[in-house]
Amino acid sequence: MIDSADLLTGLLSRSAFLSRLGRQILRANESHTRLALLVVDINGFAQTNVTYGYSTGDVVLRHLARQLKEVARKQDHVARIGDNRFALLLSHVLNRGHAELAIQKLLRRLEAALEIGDQQIAVRVTVGAAMCPDHATHAEYLMRKAETALATAQDEHEPYCILEKTDAGGLDLSALWELEVELGSAIERGELQMHYQPQVDLRTGRIVGAEALMRWDRFRGEIVGPDVFIPLAVRAGKIKKITIWALNTALRRAGEWRSDLGPLTVSVNLPGELAMQRDLPELVENALQLWGRPQVRLVLEITERSLMDAPRGRLILERLRALGVGVSIDDFGTGYSCLAYFKDLPVDELKIDKSFVTGMLEDTASLDITALIIDLARRFHLRVVAEGIEDAQTLERLRTLGCDLGQGFHLGKPMPPEGFRQWLLDLPAHAAHAPVAQPATGKTQRLVDPGNS
Ligand code: C2E
Ligand code: MG
Ligand code: MG
């Protein structure tokens, strides 16, 4: 029994807890019930030991163990799974809300300072939570998922994080798990790359810049698309690190682009999870200080949804603007925009989602939506970009509708950094300024030879 219990707190040890967790998962599976696993970390515990001594550290650990036992019901299980890390397994929970209640109860219990002699010690914790079967159905994986949520909360300086319901995207959990683990060190292994897709002024045919799109060259050969790995990075708590890397890389590369074409923009996608974080302007400012060049303008693409969720959004956008950064609303038309927010939202650009653009010649509803968005942009003095232009006819139609900028396979596919740099160099100076369409003949002059991409 001794090695299954933690001597200091009397709670289950990590290994005993994992086997208990395995059994509980089996039981939950049989009874079709749900479990929530909470992982609880004491903030700044090392500092507590240094400042007050190890015996005080022990008192803090016992105190937290007691609070966890108070929160636990009789069907729940509490363990000490690391030096300053605990786990609470909640059985028979109905939904995330149930886990949230338990977390809030724990946080409330910890609000009062712990008194040791004449010392008052604030015991602060961060909690990560994952659910079974929603996020994993295996003890080790569930533990990893809860630890991932904990890392997200720590990264975001939030007191807790409960994982969202997963969208496994057709991959089974163990394949996702493998990807998630590898993604953590993909930057260090040099497997992440930014590709660049040209954006063109539809009226003048001039190149105006490029969108930076991330690729993961897993094992140097298997390309994993951002639609798969960005959500994984979010769940693994790696998205901030990856986005900082993307910002710095895109700005560094854009600084190497041909400079006689006038100022060029580089557009970087921001995940919704980061878009409204308070320290975003600071991250952007740091990247600009390192890599910013007068001939390059940074645009950040954020989705409609991330804008709407955040009341502090406006302030953040204003700070970005003060840095000279443009803000673009990506995939416009697919969220649920409230038109009222256009009245005073500090954004510069709308990007019409490619699902409308690609099908607009065959589908009148898509064409109408595209035309409406262009009109909306004009009324609010916003630039409008159509993405997903796959042929000359679509391009011509967009031009006549008054769309400002275009992007799509017809104009240029996303290219690796060297390829895009060379592509720019190969543009004859006059072609870089030539009209995309010749109105007299109606023929389209393509800026890009698709063979080059
Ligand atoms: P997005 O920002 O809307 O990017 C446009 C997507 O459309 C890109 O897919 C691009 O390759 C694709 N595309 C461009 N032209 C055409 C076309 O003519 N036809 C069609 N069918 N598709 C076209 P990609 O690169 O697979 O990126 C998918 C999404 O992943 C992006 O959508 C963006 O939301 C996300 N993403 C890409 N890179 C990053 C990144 O660095 N950070 C973050 N957070 N998200 C990224
Ligand atoms: Mg985009
Ligand atoms: Mg888009």
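Cut-offs applied
Residues numbered from 1 in each chain as written. Chains lettered and ligands numbered in written order. Predicted model: local features only at pLDDT ≥ 70, side-chain atom pairs only at ≥ 80, totals over all residues. Heavy atoms only, no water. Helix = DSSP H or I, 4+ residues; strand = E, 2+ residues; numbered from the N terminus. Buried < 20%, exposed > 50% of the residue type's maximum accessible area, 1.4 Å probe, protein only. Contact = heavy atoms within 4.5 Å. Areas by Shrake-Rupley, 256 points an atom, 1.4 Å probe, with all protein chains shown as cover. Phe/Tyr/Trp six-rings, centres within 6.5 Å; stacked < 30°, edge-to-face > 60°. Lys NZ or Arg CZ within 6 Å of the ring centre and 35° of its normal. Donors = N, O, S within 2.8 Å, 3.2 Å for Na, K, Ca; no water. Near = heavy atom within 4 Å. Polar contact = N/O pair within 3.5 Å; in protein donor to acceptor, adjacent residues only side chain to side chain. Nonpolar A, V, L, I, M, F, W, Y, C, P; charged D, E, K, R; others polar. Axes fitted to C-alpha atoms, helices over the stretch in contact; angles between N-to-C directions. Parallel < 35°, antiparallel > 145°, perpendicular 65-115°, else oblique. Left-handed = near helix turned anticlockwise from the far one by under 90°. Pairing = 2+ DSSP bridges. Salt bridge = Lys/Arg side-chain N within 4 Å of Asp/Glu carboxyl O.

Caption draft 1: Structural view of the overall build of the chain. Looking only at helices and strands, one finds 16 helices and 16 strands in the chain. Within the chain, the fraction of its 453 residues that count as buried is 52%. Summarising the internal contacts of the chain: among those between residues at least 6 apart in sequence, 70% fall at separations of at least 24. Roughly 21000 Å² of accessible area belongs to the chain as shown, and the carbon and sulfur atoms make up 52% of that amount.

Caption draft 2: Fine view of the packing of aromatic side chains. Here the structure, examined in full by the defined rule, presents five aromatic pairs. Here the aromatic rings of Trp-216 and Phe-229 are separated by 5.9 Å at their centres, their planes lie at 85°, and the arrangement is edge-to-face. Placement of Trp-216 in strand β9 (residues 207-218) and of Phe-229 in helix α7 (residues 226-235) is noted, with a sequence separation of 13 residues between them. For Trp-216, a relative accessible area of 0% puts it in the buried group. The buried category is assigned to Phe-229, whose relative accessible area is 0%. One aromatic cluster is present, formed by Tyr-196, Trp-257, Phe-420 and Trp-423 through successive ring pairs. Seen from the ring of Trp-291, Arg-252 lies directly overhead, with NZ or CZ sitting 5.9 Å from the centre. Here the guanidinium or amino end of Lys-413 rests over the ring plane of Phe-409, the centre of that ring lying 5.5 Å away.

Caption draft 3: Seen up close, the coordination of the magnesium ion (ligand 3). For the magnesium ion (ligand 3), the protein coordination sphere consists of Asp-330 (OD), Asp-331 (OD), Glu-387 (OE) and Glu-387 (OE), at 2.0 to 2.4 Å. Positions of the donor residues of the magnesium ion (ligand 3) along the chain correspond to the pattern D-D-x55-E. Assessed through its relative accessible area of 7%, Asp-330 is described here as buried. The buried category is assigned to Glu-387, whose relative accessible area is 7%.

Caption draft 4: Quick peek at the side chain of Lys-145. Its place among the elements puts Lys-145 in helix α5 (residues 139-155). Since its relative accessible area comes to 4%, Lys-145 is described here as buried. Ignoring sequence-local partners within four residues, the contact set of Lys-145 consists of Ala-130, His-135, Ala-136, Leu-163, Glu-180 and Arg-235.

Caption draft 5: Spotlight on the coordination of the magnesium ion (ligand 2). Surrounding the magnesium ion (ligand 2) are the protein donor atoms Glu-211 (OE), Asn-269 (OD1), Glu-301 (OE) and Asp-330 (OD), which sit 2.0 to 2.3 Å from the metal. Sequence spacing of the donor residues for the magnesium ion (ligand 2), all on one chain, is E-x57-N-x31-E-x28-D. A distance of 4.1 Å spans the gap from the magnesium ion (ligand 2) to the magnesium ion (ligand 3), which Asp-330 bridges by coordinating each metal. One end of the pair, Asn-269, is in strand β11 (residues 264-269); the other, Glu-301, is in strand β12 (residues 296-303), and 32 residues separate them in sequence. Judged by relative accessible area, which is 1%, Glu-301 ranks as buried.

Caption draft 6: Representation of the site of ligand 1 in the model. Of all residues adjacent to ligand 1, which total 22 residues, the nearest are Arg-215, Asn-269, Asp-330, Glu-390 and Phe-409. Contact between ligand 1 and Glu-390: a nitrogen atom at 2.6 Å from a side-chain N or O atom of the residue. The protein chains hide 85% of the 790 Å² of surface that ligand 1 would expose on its own. If you list the elements that add at least two residues to the shell around ligand 1, you get β8 (192-201), β9, α7 and β13 (326-332). The greatest single-element share of the shell around ligand 1, amounting to four residues, is contributed by β9. Tallied by class, residues from the shell around ligand 1 come to nine nonpolar, four polar and nine charged.

Caption draft 7: Focus on the packing of helix α3 (residues 54-71) against helix α4 (residues 96-109). For the pair α3 and α4, the least separation of the axes is 10 Å and the interaxial angle reads 140°. As far as their axial angle goes, α4 and α3 are oblique. Classified by chirality, the crossing of α4 by α3 is right-handed. Each of Leu-64, Gln-67, Leu-68, Glu-70 and Val-71 in α3 lies in contact with α4, whose residues at this interface are Ala-102, Lys-105, Leu-106 and Arg-109. Across the contact of α3 with α4, the residue classes break down as five nonpolar, one polar and three charged.

Caption draft 8: Region of interest: the pairing of β13. β13 sits mainly inside the fold: six of its seven residues count as buried. Summarising the sheet, β12 and β13 pair through five bridges and their orientation is parallel. Bridged to Leu-300 within β13 is Val-327. Bridge count for β13 against strand β14 (residues 349-352) is three bridges, and the pairing is parallel. Looking across to β14, one finds that Phe-332 is bridged to Ile-352.

Caption draft 9: Structural detail: the environment of Gly-335. On the secondary structure map, Gly-335 appears in the loop between β13 and β14. Given the relative accessible area of 15%, Gly-335 is considered buried. As for Gly-335 and Arg-305, which are separated by 30 residues in sequence, their C-alpha atoms are 5.8 Å apart. Residues within four places of Gly-335 in sequence aside, it is in contact with Glu-304 and Arg-305.

Caption draft 10: Representation of the pattern of salt bridges. Enumeration according to the criterion identifies 25 salt bridges in this entry. Taking the shortest distance from any N to any O, the salt bridge between Asp-76 and Arg-73 comes out at 2.8 Å. Judged by relative accessible area, which is 30%, Arg-73 ranks as partly exposed. Where Glu-191 meets Arg-189, a salt bridge forms, and the shortest distance between an N and an O atom there is 3.1 Å. Residue Glu-191 is classed as buried on the basis of its relative accessible area of 5%. Under the relative-accessibility criterion, Arg-189 is labelled partly exposed at 35%. The structure contains a network of salt bridges with shared partners spanning Arg-14, Asp-41, Arg-85 and Glu-147.

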